[in-house]
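# Chains, contacts and geometry: an overview
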Amino acid sequence: MFLATSTKLLEPILHSPGYWRTVWTRFRRDPVAIGAGVVVLALILMAIFAPLIAPQDPYQGMSLRRLRPPGTPGYLLGTDELGRDMLTRLIYGARISLFMGVTPVFVALFLGTTIGVVAGYLGGWTNTILMRTVDVFFAFPSVLLAVAMAGALGAGIGNGLIALTLVFIPPIARVAESVTTGVRTRDFVEAARASGAGAFLIIRKHVLGNVMGPIFVYAMSLIAVSMILASGLSFLGLGVKPPEPDWGLMLNTLRTAMYTQPLLCALPGVMIFITSISFNLLTDGLRSAMDVKS
Amino acid sequence: MVLYALKRVVFTLPILLGVAIVCFALVHLAPGDPLVSVLPPDATQSLKEQMMALYGFDRPYYEQFARWIARVVQGDLGTSIRTGRPVVLEVSKAIGNTFMLAAVATVIGFMLGTLFGFVAGYFRDTWLDKTASALSVFGVSVPHYWLGMVLVIIFAATLGWLPPTGAGPGGSEDWKWNWEHVRHLVLPAVTMSVIPMGIIARTVRALVAETLSQEFIVGLRAKGLSEFGVFQHVVKNAAPTALAVMGIQLGYLLGGSILIETVFAWPGSGLLLNDAIFQRDLPLLQGTILVLALFFVVLNLAVDVMQTALDPRIQRT
Amino acid sequence: MEPAKASPLLQITGLKKHFPVKTGLFGRPSSSVYAVDDIAFDVHAGETLGIVGESGCGKSTTARLLMGLIPPTAGTVRFDGKIVGSPALPLKEFHRQVQMVFQDSYASLNPRLTVEESIAFGPTVHGVSRREAIARARSLLDRVGLDPIRFAGRFPHELSGGQRQRVNIARALALEPRILLLDEAVSALDKSVEAQVLNLLLDLKDAFGLTYLFISHDLEVVRFMATRVLVMYLGKVAELGPTEALYTKSRHPYTSALLGSLLSMDPDQRTERAPLAGDPPNPIDPPPGCRFHTRCAFAEAVCSLHEPVLHAAGASHAAACHMVPPNGEHSKSGMAMKAVS
């Protein structure tokens, strides 16, 4: 040891705001993004506290009160084709719809990042094998792949989740691979290798911190797509099964009432639209906040 | 350039093989008996085995795959269990209708998208930009199947201007260039055009803004180049990428038409896929997915090669 | 040759790095860039060996090869007599002894880590506790002239180029190495800052008993720093000798030409040396014989036929030129380079 370690040096040190702190500061000044974030938060809270907010039972219908228009006393947003309270079902719908829309993106974020970062960092044959496999799945249009998978596996929440996850792994893996390849050749990674660190440690300490931002924003932008696609599967009858309250499925079952109760049957779509646009605006705000030029 | 195109074609072959494997595997992922839709529920065990042997389902997977590929290469996608007609005929007819729809939608989406994109990019941070950008966010956020329903409610159910479903009068499944058929095309095509509109508008806005901020444009303006001259430069810079995005969007619409075709009962490949799934018509399902995926791969290849040819900034050998 | 000494700290033999160049339809390697082509030299404990040459001559590739960052095509590196990468001396162990400072001070620091985290990373890799590593980082910051209270918690973009390079030096020292490889470590800095950092390096060398490999294209800086100098040309060693001997009595025309391109303070010295014209030849297809013959003022037939070997040209001084050995085929063979320079 050629340095004397003095305990005095462990005293508090002035700390600069980190990268994410700076991003947050910038994000806070974007009213549209904050608005979108509030809506997303409200939707999540609505899903969590559905039993406390909803005025009725989501499964219990009154066959005498079927297809009432919005504004019917006692049924603020009317009733559906089985006489169930629309407002209640829309509130409960946030649970499954958000779960179906968000979960695949997060699972794909984890798996796609793993594939992409490993391929990008190790390069060579590992990269070729992993990325060419990803390319095969990328060769399907996303809707087609999701429908084909869900169609082959059969309807249901689990199969829908698998199908959607498979759709989002390839694009995330590609983004992860390309940003990791960019970071891998930077001098600080070389310096880390020169200090004797192994691949796993370098990926954890030096690569992930620099690639997670862009990958995360990209994955966030996929949530809107995923919401539309997940509801689309349910709309086709390939996702959530009745009698579960799901916005896409509600859109499907209410289609028969399109001519008699147009406003009523458009409502679930409004919910999907609000969710999707909020996630899109939130992502746009996050992306420009993260575009820190230093 | 020719070498690059050739190289791309060669690199696409393994992808095509992979796509074929996935299409083949999809059907074998399906739970239950592959013959469930043709056999009566009370079929005897021996009849079942006979049928399995007839369809070749008793062979090992790699052998089934090799036989399937060998037939596919010769243009034989098997026979639809539901209609008993060759899958190739079913698919090619349906894909014609889908192509019609997707192409018109792409053209509408491209025209509106470039318009909004140019306006937004040219008048950055003005209310025009904000309006155009809002429209493009709308385009990428709206669940298009729902938008289709809303348009049907407004223009078909309420106003009665346009027919709500179908591709032609009396359930016509063959496209003709006449007024009745065009009337049927309007709503599904406009609905579908919203997807490429949003994406193209975003792309064009970014391209225009980037080009305008570049130094050579500042220099050209300083030299007294007219605004029209600047505009020409911007178009020249934005065109290759915008056209490439348009091409890829066409591929997405071809493959992703199932939702809109279901809403409008448009007799295309999406509706065919829907039927195949719900009637468990596995040869039809496999064939439709394969053809759509092949279309997408070939289209992407063509777009990539054309973009390279058009864009002087991309140098590939 | 050199008188028998204690065995060298670092011994490089037959080091080669050829990068395949991909062409053709299937990307088969059809030719190679001969970035480093069979070089050998020793580094002795306590010295500063300067490595000079034009950009693209293989200096940085040599540095990366020495550090084991890229695998060599051929050749071995011995540290303390043990082959690096062998069971006797695994690469990880070697990295505790030899550390590197890169040219680009910004690119070589992780932008997401604070200064102290960057410095502390190395020691934690080698089993030092995080608490101790941070303490070591702060004490090193102090040692390289940056107040830890003010700088330890900062991010790279909040520092000036000189401050960042001090951090990089501290990072390299955090593993308590015996050799520091400085790859154009001061080249990107302003002249005034450069001088401060150079003085810091001299001071650290004395304080910690370090050995330096100082790679630079700047001949004056190398003269200031180095005790011995190695001149590289197109992946080969052109000349190797003690700094003063090499700068005053260069034996290789390339060295002379490089020195000639310096603006001398002494007007009498300016015109005598042969000027160096043109760019170095393409390393994908290096010229046959002596690689310098295409630009050499003294090139003769032999130079394009046979490749010259390193030949002793004085005490601890050697050059790879046909004019150095006394009985060669070159018409000026055996002539002292002083005559021509």
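Our subject is the structure listed above.
The structure reproduced in this document is the subject of the present report.

### Overview of the overall build of chain A
Counting its secondary structure elements, chain A contains 11 helices and zero strands. For chain A, the sequential pattern of α-helices and β-strands runs α-α-α-α-α-α-α-α-α-α-α. Principal axes of the C-alpha set define a box for chain A whose edges measure 85 × 45 × 30 Å. Residues classed as buried in chain A amount to 50% of the 294 residues present.

### Focus: the packing of helix α6 (residues 142–153) of chain A against helix α1 (residues 2–29) of chain B
One way to put it is that α6(A) packs onto α1(B) with a least axis distance of 7 Å and a crossing angle of 30°. Judged by the inter-axis angle, α6(A) sits roughly parallel to α1(B). In this structure, α6(A) uses Ala148(A), Met149(A), Ala152(A) and Leu153(A) to contact α1(B), whose residues at the interface are Leu26(B), Val27(B) and Leu29(B). Residues of the contact of α6(A) with α1(B), tallied by class, amount to seven nonpolar, no polar and no charged.

### Quick look at the interface of chain A and chain B
In this assembly, 35 residues from chain A lie in contact with 38 residues from chain B. Taken together, the residues of the side of chain A that touches chain B sort by class into 24 nonpolar, eight polar and three charged.

### Some remarks on the packing of α1(B) against helix α12 (residues 282–310) of chain B
Residues and elements named next belong to chain B. Running from N to C, α1 and α12 point in directions that differ by 160°, and their axes come no closer than 10 Å. Here α12 runs roughly antiparallel to α1, going by the angle between their axes. Here the hand of the crossing between α1 and α12 comes out right-handed. Along the contact surface, α1 presents Tyr4, Ala5, Arg8, Val9, Thr12, Ile15, Leu16, Val19, Ala20, Cys23, Leu26 and Val27, while α12 presents Leu282, Leu285, Gln286, Ile289, Leu290, Ala293, Leu294, Val297, Leu301, Asp304, Val305 and Thr308.

### Description of the nonpolar core
Ala146(A), Val147(A), Ile172(A), Ala293(B), Leu181(C) and Leu213(C) are the most contacted members of the largest nonpolar core, which has 261 residues in total. Excluding residues that lie within four positions of it along the chain, Leu181(C) makes contacts with Ala63(C), Leu66(C), Met67(C), Val98(C), Gln99(C), Met100(C) and Leu213(C).

### Quick word on the environment of Leu219(C)
Residue and element names in this part refer to chain C. Mapping Leu219 onto the fold places it in helix α8 (residues 219–225). What makes Leu219 partly exposed here is the crowd of 18 C-beta atoms within 10 Å. A sequence separation of 169 residues divides Leu219 from Gly50, and the C-alpha atoms of the two residues are 9.2 Å apart. Ignoring sequence-local partners within four residues, the contact set of Leu219 consists of Val52, Leu258, Leu259 and Leu262.

Reading the values: the criteria
Residues numbered from 1 in each chain as written. Chains lettered and ligands numbered in written order. Predicted model: local features only at pLDDT ≥ 70, side-chain atom pairs only at ≥ 80, totals over all residues. Helix = DSSP H or I, 4+ residues; strand = E, 2+ residues; numbered from the N terminus. Buried ≥ 20, exposed ≤ 12 C-beta atoms within 10 Å, placed from the backbone. Axes fitted to C-alpha atoms, helices over the stretch in contact; angles between N-to-C directions. Parallel < 35°, antiparallel > 145°, perpendicular 65-115°, else oblique. Contact = placed C-beta atoms within 7 Å. Nonpolar A, V, L, I, M, F, W, Y, C, P; charged D, E, K, R; others polar. Left-handed = near helix turned anticlockwise from the far one by under 90°. Core = buried A, V, L, I, M, F, W, Y, C linked by C-beta atoms within 7 Å.

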